[in-house]
Amino acid sequence: MLFRSKSTHIPRKLLVALCGATLVGATGCPPMVSGDGAPAFTVETVVSGLDRPWEVAFTPDGTMLVTERPGRIGAVIGGSRVVMAAPTDVVAASEGGMLGLAVDPNFAANRSIYTCFVSNLGGALDERVVRWTVNADFTALTGRADIVTGIPLNLGGSAGRHSGCRLRFGPDGALWITTGDGARSDTPQNPLSLGGKVLRVTTTGSPAPGNPGGSLDPRIFTLGHRNVQGLSFRPSDGAAFSMEQGTGCDDEVNSLVAGGNYGWNPGAGGFYNENAPMTDLLTVPGALPAAWSSGCPTIATSGGTFLQGSQWGTWNDALVTAALKGTQLRVLKFDAAGALVQQWTSLVDRGRLRTATQGPDGNLYVLQDSSSGSILRLVPA
Ligand SMILES: [Ca+2]
């Protein structure tokens, strides 16, 4: 393992000696990775001063877009964040607010983007997915269209908890939406509720072709989730993997199959059971096991991505997920059948990490979750 600090360019061997074994990973010391054969990388700050940045995405010309949880949708222009829109119906509470963001695969022609956020537009709070049109110079959004509404939230004192809300376009062209259970007992196993699910829709919010249907709302792809904040598609075969936050134990990565039930059933006892197992085989027979579980304690996995490119060495084709509570990147390598082969823990020394997205330049962009947060760029050495 070789690591170097962008700011000092001191060889790792010397840095380790300077930092001391117990301080490696602390401020000024190089990133620390456990696991054999990890690639070397440097950490740069791209934009700072963001309030709880939640998602970063790139348009085809390389422009970086970013959401901030209190309610802003921005673009990075000339090294600074320009606010394109701050919808007045956004409600930022607990884990909710302005969250997911995706760029239309046909952006060059239609300039469409999609956001997922908590809204009071319908009276009672809900979560919704909204399509926007970006103007030519990335300074304003127009043409708001609320394409999916009614994703349920807790309407009591836990409003905003377990909001899910990651958006991704799949290789199938569908818009995938991850949701949370809303800290409600009546959502994840309810076939007609959009809570605790992974959804697949078209760019107008209609059910995408290929959803399982039957007794399920036609927009549902999978069910039985607690709080899915991450989604990525494995480039080699297009398989969808979700990243999900557990209770006190068992954050999960799940390999998603149409109609799959992933076993979160907090309402089995007639109340919201915070201590229910993440995959409850007793009350959900046939529930699908996780491809990876954190065990205890959890690290609070958020968004992640399958890294691509030989510059990432052993991490090429591995799933990198950011962790909030665990203040780390967790890197997971699966075989073709979805079995875990190897994992690494990488402390990048920047506190809570919200998500990890590979940019068009091949580098990894990671959001630092703070009221004075940053977009970080991890560059393989
Ligand atoms: Ca599960």
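These numbers were taken from a predicted model, which means no experiment stands behind them.

(A) Here's a closer look at the domain arrangement of the protein chain. In terms of domain boundaries, the protein chain breaks down into domain 1 (1-30) and domain 2 (31-380). Taking only C-alpha atoms into account, the centre of domain 1 sits 32 Å from that of domain 2.

(B) View of the sheet that holds strand β7 (residues 98-103). What the 4 strands build is an open sheet, ordered β7-β8-β9-β10; its pairing is antiparallel. Two strands close off the open sheet at either side, each with one partner strand: β7 and β10 (141-151). When the angles between neighbouring strand axes are averaged without regard to direction, this sheet yields 20°. In this sheet, β10 lies alongside strand β9 (residues 126-134) in antiparallel orientation, the contact comprising 6 bridges. Among the inter-strand pairings, Val-129 is bridged to a residue of β10, identified as Val-148.

(C) Broad picture of the pairing of strand β6 (residues 80-85). Pairing between strand β5 (residues 72-77) and β6: 5 bridges, direction antiparallel. Across the sheet, Val-76 pairs through a bridge with Arg-81, a residue of β6. A loop of 2 residues connects β5 with β6, the two strands running antiparallel in sequence, and Gly-78 in this loop sits at a positive phi of about 60°.

(D) Structural context of the sheet that holds strand β14 (residues 220-223). Strand order across the open sheet formed by 4 strands is β11-β12-β13-β14, with antiparallel pairing between neighbours. Two strands bound the open sheet, and with one partner strand each, they are β11 (167-169) and β14. Within this sheet the neighbouring strands show an average axis-to-axis angle of 20°, counted without direction. Inspection of the sheet shows strand β13 (residues 197-201) paired to β14 by 3 bridges, in the antiparallel sense.

Reading the values: the criteria
- Residue numbers here run from 1 along each chain, matching the order of that chain's written sequence.
- For a predicted model such as this one, the threshold for reporting local features is a pLDDT of at least 70, and the threshold for listing and counting side-chain atom pairs is 80 or more; totals across whole chains, interfaces and linings nevertheless cover every residue.
- Where each domain begins and ends is defined by an automated method or by a domain database.
- By the convention used here, strands pair only if DSSP detects at least 2 bridges between them.
- Numbering goes from the N terminus for both helices and strands, where a helix is a DSSP run of H or I of at least four residues and a strand is a run of E of at least two.
- All axes here are fitted lines through C-alpha atoms, helices being fitted over the stretch that makes contact, and every angle between N-to-C directions spans 0 to 180 degrees.

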